[in-house]
Every structure is written in C-alpha cells, then in structure tokens.
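# Residue-level structural notes
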Amino acid sequence: MTEQQPKALQLADRLRNEYCDGMAFDAAKELRRLHALNQELLEAAKLCRPHMYDHASNTQDCAFEKLCVVIAKAEGEIK
C-alpha cells in the first residue's frame, strides 16, 4: 500500500491484509471493482468534454459545467 494509491485501493488492501473473513475479502474486491469502473467513467467523461464544449447549447452548457465539476472532483482538484 502506498500513499499515492487512491483511498478505495488503500482500504481494499487494508481489508485484505488485516481481516481474514470472507466478507472483508468481498468488500475489498468490490472496492477494487468500483474504483476500476470509476476510472473508466472518468476517462469517458474526459473524452466527452471537448465535444460538449464545441456544440454547446443552453442544455449542454449545464451538462458541460456538471461534467467539468465531476472531473475536477475525481482528480482531487475540488472536494
């Protein structure tokens, strides 16, 4: 476990290393799955961002702003 790891992966490692029951292993596996899914969604959002900006309308402006906030949160720029 390193400090550079995302919190979900730190917790998954801790569950795996410190607890020996099946529920802890299942929780660690689920944290890893959700982290991987979150990374995929973040990459998809980043791919969409330039296209939303290029074709902005009133409705898309709101979605674009939300997308930018979510990306900033995921990258630790804001909480």
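Since the model is a prediction, treat every value here as computed from it, not as a measurement.

## Thoughts on the overall build of the protein
Scanning the protein for helices and strands turns up three helices and zero strands. In sequence order, the protein lays out its α and β elements as α-α-α. Taking all 79 residues of the protein together, 18% fall into the buried category. Residue pairs in contact within the protein that sit at least 24 positions apart in sequence constitute 21% of those at least 6 positions apart. Total accessible area on the protein stands at roughly 6200 Å², and carbon and sulfur atoms take up 58% of it.

## A word on the nonpolar core
Soluble globular proteins tend to bury their nonpolar side chains together. Core analysis: the largest hydrophobic core is formed by six residues, namely L42, A45, M52, F64, L67 and I71. Those elements that provide at least two residues to this core are α2 (22–54) and α3 (58–74). Those residues in contact with I71 that sit more than four places away from it in its chain are L42, A45, K46 and R49.

## A few points about the pattern of salt bridges
If the charged atoms of two oppositely charged side chains come close together, the side chains can form a pair. Tallied over the entire structure, the rule returns six salt bridges. For E18, the salt bridge goes to R14, with nearest N and O atoms at 3.2 Å. Highlighted residues: E18 and R14, both in helix α1 (residues 7–18), separated by four residues, approximately one helical turn. Between E75 and K46 there is a salt bridge, with its nearest N and O atoms 2.4 Å apart. Taken together, the residues span a long stretch of sequence, with E75 in the segment after α3 and K46 in helix α2 at a distance of 29 residues. What makes E75 partly exposed here is its relative accessible area of 37%.

## A word on the side chain of H35
Tracing the sequence through the fold places H35 in helix α2. Overall, H35 belongs to the buried group, its relative accessible area being 16%. Not counting chain neighbours up to four residues away, the residues in contact with H35 comprise P6, A8 and L9.

## Digging into α1
One turn of an α-helix holds 3.6 residues; hence residues three or four places apart share an orientation. End to end, α1 covers 16 Å across twelve residues, agreeing with the expected 16 Å (1.5 Å per residue, within 8%). By the burial criterion, the buried members of α1 are L9, Q10, A12 and D13. For α1, the buried positions fall inside an angular range of 160° around the axis, keeping them on one side.

## Overview of the confidence of the model for the protein
With 86% of its residues at a pLDDT of 70 or more, the protein shows a mean pLDDT of 81. Per-residue pLDDT, averaged within each element of the protein, yields its smallest value for α3 (80) and its largest for α1 (87).

Calculation notes
Residues numbered from 1 in each chain as written. Predicted model: local features only at pLDDT ≥ 70, side-chain atom pairs only at ≥ 80, totals over all residues. Heavy atoms only, no water. Helix = DSSP H or I, 4+ residues; strand = E, 2+ residues; numbered from the N terminus. Buried < 20%, exposed > 50% of the residue type's maximum accessible area, 1.4 Å probe, protein only. Contact = heavy atoms within 4.5 Å. Areas by Shrake-Rupley, 256 points an atom, 1.4 Å probe, with all protein chains shown as cover. Core = buried A, V, L, I, M, F, W, Y, C linked by side-chain atoms within 4.5 Å. Salt bridge = Lys/Arg side-chain N within 4 Å of Asp/Glu carboxyl O. Expected span 1.5 Å × (residues − 1). Arc of directions from axis to C-beta. pLDDT = per-residue confidence, 0-100.

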